[in-house]
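# Structural features, examined
As a plain string of letters, each chain reads:
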Amino acid sequence: AQSVTQLDSHVSVSEGTPVLLRCNYSSSYSPSLFWYVQHPNKGLQLLLKYTSAATLVKGINGFEAEFKKSETSFHLTKPSAHMSDAAEYFCVVSRPGGYQKVTFGTGTKLQVIP
Amino acid sequence: DVKVTQSSRYLVKRTGEKVFLECVQDMDHENMFWYRQDPGLGLRLIYFSYDVKMKEKGDIPEGYSVSREKKERFSLILESASTNQTSMYLCASSSPGDRISGELFFGEGSRLTVL
């Protein structure tokens, strides 16, 4: 079984300040973890993925996430928010393979204030 | 550049109409998925297919059916559209051969309004 919890439905930051979007997961196996971003009326775009290699994962647009097994967390961070970061972010846990099981978090909407 | 294409970005249909949502991928992926996205509910899996002519129900299959006659194409069918099916529909694909990550590739979405 697997599940994922995004702890904040909305996050608001000022432009130029750090971003922290929180995600906790549970899984009975070693999962893959992802963060996807969705801009209004668009599909989901992959930001980054963890696949049991390095625990600190770097993604596109300056985002990174750290896999912490002891805390079952995979929080997304960025040192300095940009206006273009305003979007909805989804944390995803996956059991890969032929009968793939994918579980999405409910999403966090990031607002960036000028 | 890998691509998942949903043929209709915006549709407006009337209650009772039959609706087809088409999705095509060019990555030779075996797995294909249909999700529904509603505010506050995240993405919910309607159906997925792990091979041609194979399909499995997801979390919310009621009122929907699917067709996968060719590997690259996965269609979602609403036999008799209802207003509670007004939503954003997202198609995705992945490769079961990618046993490391299982990354999903998404289309741009189809926003359906049922009047």
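Treat the numbers as computed from the prediction; the structure is a model and nothing was measured.

Opposite charge on two side chains lets them pair, provided their charged atoms get close. If you walk through the whole model with that rule in mind, you get 12 salt bridges over all chains. Of the charged contacts in the structure, one is a salt bridge between Asp8 of chain A and Arg22 of chain A, with a shortest N-O distance of 3.0 Å. Of this pair, Asp8 of chain A sits in the loop between strand 1 (2–6) and strand 2 (10–14) while Arg22 of chain A sits in the loop between strand 3 (19–21) and strand 4 (23–27), and the two are 14 residues apart along the sequence. Look at Arg22 of chain A and you get partly exposed, because its relative accessible area is 32%. Linking Arg73 of chain B and Glu22 of chain B is a salt bridge whose minimum nitrogen-to-oxygen distance equals 3.6 Å. One end of the pair, Arg73 of chain B, is in strand 8 (residues 73–78); the other, Glu22 of chain B, is in strand 3 (residues 19–25), with 51 residues separating them in the sequence. A relative accessible area of 38% places Arg73 of chain B in the partly exposed class. The structure contains a network of salt bridges with shared partners spanning Asp28, Glu30 and Lys71 of chain B.

The next point concerns the interface of chain B and chain A. On the side of chain A, 23 residues touch chain B, which itself brings 26 residues to the contact. Across the chain B/chain A interface, buried area totals approximately 2000 Å², and carbon plus sulfur atoms make up 52% of it. Counting across the chain B and chain A interface gives 2 salt bridges. A salt bridge links Lys49 of chain A to Glu103 of chain B; its shortest N-O distance comes to 2.9 Å. For the pair chain B and chain A, the number of links is 7 residue pairs in polar contact (both at pLDDT 80 or more). At the level of elements, strand 4 (31–38), strand 5 (42–51) and strand 9 (87–94) of chain B are the ones that each hand at least two residues to the side of chain B that touches chain A.

What counts as what
Residues numbered from 1 in each chain as written. Chains lettered and ligands numbered in written order. Predicted model: local features only at pLDDT ≥ 70, side-chain atom pairs only at ≥ 80, totals over all residues. Heavy atoms only, no water. Salt bridge = Lys/Arg side-chain N within 4 Å of Asp/Glu carboxyl O. Helix = DSSP H or I, 4+ residues; strand = E, 2+ residues; numbered from the N terminus. Buried < 20%, exposed > 50% of the residue type's maximum accessible area, 1.4 Å probe, protein only. Contact = heavy atoms within 4.5 Å. Buried area = accessible area lost by both parts, 1.4 Å probe. Polar contact = N/O pair within 3.5 Å; in protein donor to acceptor, adjacent residues only side chain to side chain.

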